[in-house]
There are 2 protein chains.
Amino acid sequence: MDRLDKKILRLLQEDATLAVADIAKRVGLSTTPCWRRIQKLEEEGVIKRRVAILDPAKVNARVTVFVSIRVASHSAEWLRRFSEVVGEFPEVVEFYRMSGDVDYLLRVVVPDIAAYDAVYQRLIQKIDIRDVSSSFAMEQIKYTTQMPLDYLVLDKDSRES
Amino acid sequence: MDRLDKKILRLLQEDATLAVADIAKRVGLSTTPCWRRIQKLEEEGVIKRRVAILDPAKVNARVTVFVSIRVASHSAEWLRRFSEVVGEFPEVVEFYRMSGDVDYLLRVVVPDIAAYDAVYQRLIQKIDIRDVSSSFAMEQIKYTTQMPLDYLVLDKDSRES
DNA sequence: CCTGAAATAATATAACC
DNA sequence: GGTTATATTATTTCAGG
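To start, this report covers the structure provided alongside it. Here the residue numbers are simple positions, counted from 1 along each chain's written sequence. Starting at A for chains and at 1 for ligands, labels are handed out in the order in which the entities are written. Totals for whole chains, interfaces and linings use all residues, but because this is a predicted model, local features are given only for residues with pLDDT of at least 70 and pairs of side-chain atoms are given and counted only at 80 or more. Side-chain measures here rest on the full set of heavy atoms in the structure, leaving out hydrogens and waters.

### Some words on the relation of the copies chain A and chain B
Put simply, the rule is: Fitting of the copies onto one another was done by least squares over C-alpha atoms, counting residues only where both copies have pLDDT of at least 70. We call two residues in contact whenever any of their non-hydrogen atoms come within 4.5 Å of each other.
Each copy superposes on the other: chain A lies on chain B with an RMSD of 0.1 Å after a rotation of 180° and an axial shift of 0.0 Å. The superposition operator between the copies reduces to a two-fold rotation axis. When C-alpha positions in chain A are compared against the rotation axis, the closest is assigned to A:Val51, at 2.8 Å. Mapped onto chain B, 100% of the interface residues of chain A are again interface residues, and the two copies thus contact each other with one and the same surface.

In structure tokens, the structure reads:
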């Protein structure tokens, strides 16, 4: 991964509809080698996918709730089951295992508080949780899918990881 | 927005590289009307953009930190300034104004704890914050950009909002 | 608003230096 | 890495239901 790959990634994180020829121009390459780089980045899994980003408000997903969870059990089996259950909820868009006070943190997306309560009820019914605390977001001030590329380690010989 | 638009959105949220002809087939349309629907969804802003999703680990953005912030001032001017500053940090990928105990919540993405500390220092140097609390994620168990479409309100006459 | 055909323009992909 | 073909797709147009 070198400087040019980084530039390409930056562009594709911004706008994945850019034509390869456009990207090539901006990066200072001709289209074929640029295309080959993009292929490689996809094969290596650096680029995982290309997706459409929707406007949450326009699909009635206006409210974000952060759900802090403290659990009873800490077994691997319990976590497996928990992950499975959470995976079934399309309203849960992010799910982290945390250090410290809270064991897990969920970001849940719903149209309103009532819908959140329904999700909450379904969730605690499916799985045993010791303690749940919900925090509501009033406003999403920033949201991006763009990873910071400032920490990328560049290499002359594009290695995989 | 009708049932077919919803299907289209579902597909494009999954994979934005699908050819219009493919989508059309899966949705049960021929390509021209399907293409027109996609155009319309873009014009209406339901589809905001198409982006490449990178593997955080492969671009050295392995660590997620949630930063809870309590502020000194609650003025609109302060928030404007705060938003501006936060916007300059590519490491801050999500930023919410919260209700309740915490005023703001940030999701910060960095390679490691040391890098987080550097971000933290830069941040509190640029802006006056009363209280900051950082929680580290040990593992990202789920992350998706797909909004749940179960709450979409369908209409015979595709209206804008 | 839909189907389907058909023509054109843009782009991706492949072959070759 | 570049240039030049070729194959796919997107995009537009048209006739008709």
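From this point on, the discussion continues.
### Examining helix α1 (residues 3-14) of chain A
Put simply, the rule is: Note on conventions: DSSP H or I runs of at least 4 residues are helices, E runs of at least 2 residues are strands, and numbering of each starts at the N terminus. Expected span of a helix, by definition, is 1.5 Å for each gap between consecutive residues, and there is one gap fewer than residues. When a residue's accessible area, from a 1.4 Å probe over protein chains only, is under 20% of the maximum for its type it is buried; when over 50% it is exposed; and in between it is partly exposed. Distance and chemistry together define a polar contact, namely a pair of N or O atoms within 3.5 Å, with one atom able to donate a hydrogen and the other to accept it when in protein, and with adjacent residues in sequence counting only for side-chain atoms on both sides.
An ideal rise of 1.5 Å per residue puts 16 Å on 12 residues; α1(A) measures up with 17 Å between its terminal C-alpha atoms. Among all positions in α1(A), only A:Leu4, A:Asp5, A:Lys6, A:Ile8, A:Leu9, A:Leu11, A:Leu12 and A:Gln13 are buried. Next to the buried residues of α1(A) lie α2 (20-27), α3 (31-43) and β1 (47-54) of chain A together with β1 (47-54) of chain B. One side-chain oxygen of the residue at the start of α1(A) lies 3.1 Å from the amide nitrogen of A:Leu4, identifying that residue as A:Asp2.

### What about the pattern of salt bridges?
Here the idea is simple: oppositely charged side chains can pair when their charged atoms come close. Inclusion rule: Salt bridges are identified by distance alone: a Lys or Arg side-chain nitrogen within 4 Å of an Asp or Glu carboxyl oxygen.
Within this structure, the stated rule accounts for 28 salt bridges over all chains. A salt bridge links A:Glu14 to B:Arg49; the shortest N-O distance between them is 3.6 Å. In this pair, A:Glu14 is assigned in helix α1 and B:Arg49 in strand β1, connecting two distinct chains. A:Glu42 is the salt-bridge partner of A:Arg50, the closest N and O atoms lying 3.0 Å from each other.

### Concerning the protein's contact with DNA strand C
Selection criterion: If a single non-hydrogen atom of a residue is within 4 Å of a molecule or strand, that residue counts as near it. Gly is placed with the polar residues, together with every amino acid not listed as nonpolar (Ala, Val, Leu, Ile, Met, Phe, Trp, Tyr, Cys and Pro) or charged (Asp, Glu, Lys and Arg).
Neighbouring residues of DNA strand C: 13 residues in total, closest A:Val20, A:Thr32, A:Trp35, B:Pro33 and B:Arg37. With respect to DNA strand C, the side chain of A:Thr32 contributes an N or O atom lying 2.6 Å from a base nitrogen. Between a phosphate oxygen of DNA strand C and a side-chain N or O atom of B:Arg37, the distance comes to 2.6 Å. Every element with two or more residues in the surface near DNA strand C is listed here: α3 of chain A together with α3 (31-43) of chain B. Classifying every residue of the surface near DNA strand C by side-chain character gives 5 nonpolar, 5 polar and 3 charged.

### Details of the sheet that holds strand β4 (residues 104-110) of chain B
What counts, and what does not: Strands are treated as partners if at least two bridges between them are detected by DSSP. Lines are fitted to the C-alpha atoms to define the axes, a helix being fitted only along its stretch in contact, and any angle between axes, read from their N-to-C directions, falls within 0 to 180 degrees.
Spatially, the 8 strands close up into a barrel ordered β2(A)-β4(A)-β3(A)-β5(B)-β2(B)-β4(B)-β3(B)-β5(A), and their pairing is antiparallel. Here the average twist between neighbouring strands, direction ignored, is 35°. Sheet topology note: the strand β2 (residues 63-70) of chain B/strand β5 (residues 131-143) of chain B ladder contains 6 bridges and is antiparallel. Looking across to β5(B), one finds that B:Ile69 is bridged to B:Val132. Its contacts with the sheet put helix α5 (residues 113-126) of chain B on β2, β4 and β5 of chain B, and the angle it makes with β4(B) is roughly 135°.

### Let's talk about unusual backbone geometry
Trans is the prevailing form of peptide bonds, just as negative phi is the prevailing case for residues other than glycine. Residue and element names in this part refer to chain A. We note that Asn-60 has phi near 65°; this positive angle belongs to a residue other than glycine. Looking at the element boundaries, Asn-60 is found in the loop between β1 and β2 (63-70). Among the residues examined, Asn-60 registers a relative accessible area of 17% and is labelled buried.

### Section: the protein's contact with DNA strand D
The local shell around DNA strand D consists of A:Leu29, A:Ser30, A:Thr32, A:Pro33, A:Arg36, A:Arg37, B:Ala19, B:Val20, B:Ala21, B:Thr32, B:Trp35 and B:Gln39. Sugar and phosphate atoms represent 65% of those atoms of DNA strand D found within 4 Å of the protein. Between a base oxygen of DNA strand D and a side-chain N or O atom of A:Arg36, the distance comes to 3.3 Å. Here B:Val20 contributes a backbone N or O atom positioned 3.2 Å from a phosphate oxygen of DNA strand D. Sorting elements by how many residues they give to the surface near DNA strand D places α3(A) first, with 4 residues. Among the residues making up the surface near DNA strand D, the classes are represented as 6 nonpolar, 4 polar and 2 charged.

### Considering the pairing of strand β5 (residues 131-143) of chain A
Strand direction decides the pairing type here: β5(A) and strand β3 (residues 92-98) of chain B, joined by 5 bridges, are antiparallel. Looking at β3(B), one finds that A:Tyr143 is bridged to B:Glu94.

### Notes on helix α4 (residues 76-87) of chain A
Put simply, the rule reads: Note: the arc covers the axis-to-C-beta directions of the helix.
Over its 12 residues, α4(A) runs 16 Å from end to end, which matches the ideal 16 Å to within 8%, given 1.5 Å per residue. Among all positions of α4(A), only A:Trp78, A:Leu79, A:Phe82, A:Val85 and A:Val86 are buried. One side of α4(A) carries all its buried residues, which in axial view fall inside an arc of 125°. Contacts from the buried residues of α4(A) go to β2, β3 (92-98), β4 (104-110) and α5 (113-126) of chain A together with β5 of chain B.

### Some thoughts on the packing of aromatic side chains
Any aromatic ring pair is given by two values, namely how distant the centres are and how the planes are angled relative to each other. As a reminder, the rule being used: Aromatic rings from Phe, Tyr and Trp, taking only the six-membered ring of Trp, are treated as a pair when their centres fall within 6.5 Å; an angle between ring planes under 30 degrees marks them as stacked, one over 60 as edge-to-face, and anything in between as tilted.
By the definition in use, this model includes 17 aromatic pairs over all chains. Ring plane angle 70° and centroid distance 6.2 Å describe the contact between A:Phe66 and B:Phe66, whose orientation is recorded as edge-to-face. Separated into two different chains, A:Phe66 in strand β2 and B:Phe66 in strand β2 make up a pair that spans both. The two residues A:Phe66 and B:Phe66 agree in class, both being buried. Taking 6.2 Å as the distance between ring centres and 40° as the angle between the ring planes, the aromatic pair formed by B:Tyr116 and B:Tyr120 counts as tilted. With a gap of 4 residues between them, B:Tyr116 and B:Tyr120 both fall in helix α5, about one helical turn apart. Looking at B:Tyr116, the relative accessible area reads 6%, which means it is buried. Counting every residue linked through ring pairs, the aromatic cluster contains A:Phe66, A:Tyr96, B:Phe66 and B:Tyr96.

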